[in-house]
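Descriptive analysis of the structure
These are the residues of each chain, in order.
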Amino acid sequence: MKKLYLLFIMTILGNFLQAQPVTLRSVDAEKEFRLKLYYGNGGKGAFVQYEGKKEIIPLRVKSYRLDTISGGPGQPAKHYFVWDEMVKGKFNGTYKMVQMKNYIVDPTYMRATDFRHFNLELVEEEGDPDGDDQYLLHGARISFNHFYNNKLLIEYPDGKKMNAELPFPDSPDAAQQSIIEDYNFDGYDDLAFTIPDAGMGVYSMFTIYLYNPKTKRFELFKEPDYSKSSCSCLCDVSVDKEHKLLYTGCRGGASWHQDAYRFDKNGVLRWVASQKQEE
């Protein structure tokens, strides 16, 4: 079984890049254009919306790379994104950019019709961020807020909507985070929201919505039986894709605890093993 601290570090590095809807503008076009770019961890769930337009344009991840080494010790990780712009299912262009914390570096757009490249730059928004964020996942438009409310809205391609309320942080300094990941290993990305635990705030509590490809709906994940588990929560959740194991982790007293689970043939999450790691 993997060690808890390794899983925790990998979760922080790989999953918790908070999606920040960014506003970009062209710097070398005859007529300036602006767009908002929405995306989640690893560039998933991305789309753009051009200023003055109602429609949104899906972005498909072409490549994503996380660099935690080249900057040296203490330097921020670099996230390299490349997306294909898809209009009515057809390739229409390519977006590229690098993110280091909240800094956006070298954003560009290549238009497929004439292969023209446009240099873009970040537009600094005035005032405090409103915290609103969105994804486009499996054709569904997902809206939520990182800071100020716990409302979740999912608008499906067939026009149906789902409204829900998410757990919200107790601390005013905490934020609602979000992760796109395949938690049940069925080949379809799911959606998770996290807040710090209500105790010491040292681990994250997860609310997970699994995507059902048959119904084409997101369904609230049914938590497992915790009678044999060390942690009675969906906390610090991480996945082992190779062995199809789902891990949870929590802290009790001076010890970290970790539980491993596996989905059975009926899709029910079953406890496999637990371990404790002393500080």
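Residues numbered from 1 in each chain as written. Predicted model: local features only at pLDDT ≥ 70, side-chain atom pairs only at ≥ 80, totals over all residues. Heavy atoms only, no water.

Re the sheet that holds strand 11 (residues 151–155)
In spatial order, the strands read 9-10-11-12; together these 4 strands make up an open sheet with antiparallel pairing. Among the strands making up the open sheet, the edge pair consists of strand 9 (132–137) and strand 12 (161–165). Taken pair by pair, the neighbouring strands of this sheet meet at an average axis angle of 15°, ignoring direction. Examined bridge by bridge, strand 10 (residues 140–145) and strand 11 share 3 bridges and lie antiparallel to one another. Following the sheet pairing, Arg141 is matched in strand 11 by Glu155. (Pairing = 2+ DSSP bridges. Helix = DSSP H or I, 4+ residues; strand = E, 2+ residues; numbered from the N terminus. Axes fitted to C-alpha atoms, helices over the stretch in contact; angles between N-to-C directions.)

A closer look at the packing of aromatic side chains
Counted under the stated rule, the structure contains 16 aromatic pairs. Aromatic pair Tyr135 and Phe144: ring centres 5.5 Å apart, planes at 55°, arrangement tilted. With relative accessibility at 4%, the residue Phe144 sits in the buried group. Note that Arg65 overlies the ring of Tyr80, its terminal NZ or CZ placed 4.1 Å from the centroid. (Phe/Tyr/Trp six-rings, centres within 6.5 Å; stacked < 30°, edge-to-face > 60°. Buried < 20%, exposed > 50% of the residue type's maximum accessible area, 1.4 Å probe, protein only. Lys NZ or Arg CZ within 6 Å of the ring centre and 35° of its normal.)

Topic: unusual backbone geometry
Despite not being glycine, Phe185 shows a phi value in the positive range, around 60°. Topologically, Phe185 is positioned in the loop between strand 13 (177–181) and strand 14 (190–196).

Focus on the confidence of the model for the protein chain
Per-residue confidence for the protein chain averages 89 on the pLDDT scale, and 91% of its residues sit at or above 70. Taking the mean pLDDT of every element in the protein chain, the minimum, 35, falls on helix 1 (residues 4–15) and the maximum, 98, on strand 16 (residues 217–220). Within the model, the stretch residues 1–19 combines pLDDT values under 50 with 58 contacts to residues more than four positions away or in other chains. (pLDDT = per-residue confidence, 0-100. Contact = heavy atoms within 4.5 Å.)

A closer look at the nonpolar core
Leu35, Leu37, Tyr39, Val48, Tyr50, Trp83 and Tyr95 are the most contacted members of the largest nonpolar core, which has 19 residues in total. When contributions to this core are tallied by element, the ones reaching two or more residues are strand 1 (22–26), strand 2 (34–38), strand 3 (47–50), strand 4 (57–67), strand 5 (78–87), strand 6 (90–100), strand 7 (103–111) and strand 8 (116–122). Within the second largest apolar cluster, 17 residues are counted, among which are Leu137, Ile142, Leu152 and Tyr156. (Core = buried A, V, L, I, M, F, W, Y, C linked by side-chain atoms within 4.5 Å.)

Quick notes on the pairing of strand 4
Across 2 bridges, strand 3 lies against strand 4 in antiparallel orientation. Residue Val48 lies in a different strand from strand 4, and its bridge partner there is Ile57. As consecutive antiparallel partners, strand 3 and strand 4 are separated by 6 residues, and within that stretch Gly52 has a phi angle of approximately 85°, a positive value.

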